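Okay, here's what each chain looks like letter by letter:
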Amino acid sequence: IEATYATAGVQRFAIWSHSSTPHVAKQLTAGGYLPDEVTYVMAMDLDTITTPDGPELDLVEPDFNEFLRINGLSPMFNSLPATADAAVYVARVEDHHAAALMSYEHEGDCGIFNVATLDFARRRGLGTKLTAHALERARERGCTTASLQSTEMGQSIYEKVGFQHIGAYTEYVQS
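Nothing here was measured: the structure is a model prediction, and the numbers come from that model.

Take the overall build of the protein next. Helices and strands together make up the secondary structure of the protein, namely five helices and eight strands. Starting at the N terminus and ending at the C terminus, the protein contains elements arranged as α-β-α-β-β-α-β-β-β-α-β-α-β. In terms of overall dimensions, the protein has a C-alpha envelope of 50 × 35 × 30 Å along the principal axes. Counting only contacts in the protein whose residues sit at least 6 apart along the sequence, the fraction spanning at least 24 positions is 72%. Taken as a whole, the protein presents about 10300 Å² of accessible surface, with 52% of it coming from carbon and sulfur. Computed over 12 positive and 23 negative side-chain charges, the inter-centroid distance for the protein is 5 Å.

If you want it as structure tokens, here you go:
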């Protein structure tokens, strides 16, 4: 891996190791890499969606640029090709765009990506309701499962709609 990155001129990179491969984690640590971040792999059957109590969703017309802004992502991502398998959801609070997520459907699975709620609208259940809404739409289009990777902060959002833990990835960085 190091040689490949060096050939490409990349000096800083991370390597991910799944919780099912402890031997890889051991090799990375022995090679001088340090654990940096953990993301949790979660999945669910869409027949078990729980729509929690919370605010009524005030959805706006899907807007990829607004999705990028709410997530703090670079506008360069707007050059990604549009696909019918991807959907963007944006919700507002008090006439201000406040939360967004993207879903991507592939072979009956709905992947959930970049769920974000702006600071002024947090702790109201908006991210949870928006996630449940996206999953319900995916189920209507024929998806039977959903999957995602979550930070520690987001786990409770996903557990409330029915996601369960199935593993974790640890990101290792050079010391």
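Examined against the element boundaries, Glu 105 turns out to sit in strand S5 (residues 96–106). For Glu 105, a relative accessible area of 12% corresponds to the buried category. Leaving out residues up to four positions away in the same chain, Glu 105 has contacts with Asp 85, Cys 110, Ala 138, Arg 141 and Cys 143.

What counts, and where the lines are drawn
- Residues numbered from 1 in each chain as written.
- Predicted model: local features only at pLDDT ≥ 70, side-chain atom pairs only at ≥ 80, totals over all residues.
- Heavy atoms only, no water.
- Helix = DSSP H or I, 4+ residues; strand = E, 2+ residues; numbered from the N terminus.
- Contact = heavy atoms within 4.5 Å.
- Areas by Shrake-Rupley, 256 points an atom, 1.4 Å probe, with all protein chains shown as cover.
- Lys, Arg positive; Asp, Glu negative; His and termini not counted.
- Charge placed at Lys NZ, Arg CZ, Asp CG, Glu CD.
- Buried < 20%, exposed > 50% of the residue type's maximum accessible area, 1.4 Å probe, protein only.

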